[in-house]
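In case you want the letters, here they are:
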Amino acid sequence: MKKLKIADGIYMLTMNVEDILFEGIWELANGVTLNSYIVRGEKTAIIDGVIGWDGIPETLYQNLEEIGVDPQNIDYLIVNHMEPDHSGWISNFRKIKDDFTVICTDKAAKMVASFYGGENIRIVKEGDTLDLGKGKVLSFHPVPNVHWPDTMYTYERDTKTLFSCDMFGSFGRMGDHCFDDEMTTEEVDFFESEGIRYYSNVMTTFTPSLRKAIEKAKTLEISTIAPGHGPVYRKNPQKIIDDYFRFSQYAEGAGKNEVTILWGSMYGMTAKAVDYVEGILQREGVKYNKLEMPIDSDSEMVATVFKSAGIIIAAPTYEYKLFPPVAAALDEVGRKKIAGKLAFRFGSYGWSGGAEKELNEIMERNKMNWSFIQSVEFEGAPKEEDLRKIEAGVLELIGKMKEKIVE
Ligand SMILES: Cc1cc2nc3c(=O)[nH]c(=O)nc-3n(C[C@H](O)[C@H](O)[C@H](O)COP(=O)(O)O)c2cc1C
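Note that the structure is predicted; figures quoted are calculated from it, not measured. (Residues numbered from 1 in each chain as written. Predicted model: local features only at pLDDT ≥ 70, side-chain atom pairs only at ≥ 80, totals over all residues.)

A word on the sheet that holds strand S14 (residues 224–227)
Turning to step 1, where the next piece is worked out: Here we have 5 strands laid out as an open sheet, ordered S10-S11-S12-S13-S14, and mixed in their pairing. Each having just a single partner strand, strand S10 (129–133) and S14 make up the two edges of the open sheet. Each neighbouring strand pair of the sheet contributes to a mean axis angle of 20°, computed without reference to strand direction. (Pairing = 2+ DSSP bridges. Helix = DSSP H or I, 4+ residues; strand = E, 2+ residues; numbered from the N terminus. Axes fitted to C-alpha atoms, helices over the stretch in contact; angles between N-to-C directions.)

Below you can see the structure in the form of structure tokens.
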């Protein structure tokens, strides 16, 4: 666990977590950080926490003492969001001390009580403040359904620091550089990409609420954004606000100037056409990603489809339906409410077809509202004539996707 000073009286405790399935689902190819913050006036508050710490109260003691904080002097536990990756530490903290006040929204209070047992909970509403002394005044700003219904921002007026919890967070382990002003160009790109992965895997379902949270952030004068996951932005907090707005557009069908081929093939017939399409994309100078289902992870798949302006679905018919791993992938994208994408599908069948029908059902069921270029289905191996039709579809996609590009 790293301990860093953010400003006078404000500290960050951060640890990298790897080898877990985030939310029990998402493979973290590059890990994630869990960030916790301490604000010290005459009184001391700790904002969010690190998952269960390591379950050993002494470690928490040691880490706090290294930044000059006696755990016995922590007066307030601020729970911006009750999800156990931020609040799992409450039980362990109780082993050290039990006379503290939990500060949270009304919705979180109910959950704190049901998950950890609830005493000394102070419910806060929009604009309520907590004066810690020595000029440190915290204010609270609910941002419901930024992930869970209970979420709030905590804002420290003296240093203009926004503790934004899941909002403005990203996946990705942090090395020595935890602040935006320390990062190399590669690290900035890494966290942008991990931000997309985080937004698409965890947040995109709540895009309308995230838009409201972006608006609420704009009402606060912000010098520093300190999220629950990922780097702290103190040089240019506007960057992550702008990134999040752009990501919210990806959820509605915009994307980077790239195509994602979401594909699967049992015996290589559809794969032949995928190879052919790759040649076209290379010839046309279009950046593309290939995701073979079920081999690629859902985390990668959702992130890559989410950020792309054009989607090519290549999958055959299987038992009168769409090849199941591709159908499952699209269903997952639909559950995440990734809507409005521009797409083109082709695939092989043996005798009846049926893939197309299920594709339409998935789109309908999830209200995805994707725009499709006329699909191409072919019997057995793709013939010259099929490849010509596929080429026409790909070229139409490349032409139309220009309207979708937001970078
Ligand atoms: C388990 C299985 C089920 C299939 N079900 C159908 C079907 O319901 N209707 C159909 O037209 N073809 C069906 N096929 C045939 C495939 O769609 C056909 O072999 C196609 O060329 C496979 O393309 P691929 O090599 O890209 O996987 C099935 C094939 C397999 C192996």
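Continuing now.
Details of the site of the ligand
Turning to step 1, where the next piece is worked out: With respect to spatial proximity, 20 residues lie near the ligand, and among them Met 266, Tyr 267, Thr 270, Pro 316 and Gly 350 are the closest.
Turning to step 2, where the next piece is worked out: Those elements that provide at least two residues to the shell around the ligand are helix H8 (269–283), strand S18 (317–318) and strand S20 (342–349).
Turning to step 3, where the next piece is worked out: In terms of residue count, H8 provides more of the shell around the ligand than any other element does, 3 residues in total.
Turning to step 4, where the next piece is worked out: Tallied by class, the residues present in the shell around the ligand amount to 9 nonpolar, 10 polar and 1 charged. (Near = placed C-beta within 6 Å. Nonpolar A, V, L, I, M, F, W, Y, C, P; charged D, E, K, R; others polar.)

Considerations on helix H11 (residues 355–365)
Turning to step 1, where the next piece is worked out: What H11 keeps buried is the set Ala 355, Glu 358, Leu 359 and Ile 362. The buried residues of H11 all sit within an arc of 105° when viewed along its axis, so they share a single face. Opposite the buried face of H11, at more than 90 degrees from it, the exposed residues are Lys 357 and Glu 364.
Turning to step 2, where the next piece is worked out: Here the buried face of H11 lies against S18, strand S19 (321–322), helix H10 (324–335) and S20.
Turning to step 3, where the next piece is worked out: With its phi angle positive at about 50°, Lys 367 sits one or two positions after the end of H11. (Buried ≥ 20, exposed ≤ 12 C-beta atoms within 10 Å, placed from the backbone. Arc of directions from axis to C-beta. Contact = placed C-beta atoms within 7 Å.)

Some points on the sheet that holds strand S21 (residues 371–379)
Turning to step 1, where the next piece is worked out: The parallel open sheet is built from 5 strands, whose spatial order is S16-S15-S17-S20-S21. Each edge of the open sheet is held by one strand with a lone partner, namely strand S16 (287–292) and S21. Adjacent strand axes in the sheet meet at a mean angle of 15° when their direction is disregarded.
Turning to step 2, where the next piece is worked out: As defined by bridge partners, S20 adjoins S21 across 7 bridges and the pair is classed as parallel. The partner of Phe 344 across the bridge, within S21, is Ile 373.
Turning to step 3, where the next piece is worked out: Relative to the sheet, helix H12 (residues 384–400) contacts strand S17 (308–314), S20 and S21, its axis offset from that of S21 by approximately 165°.

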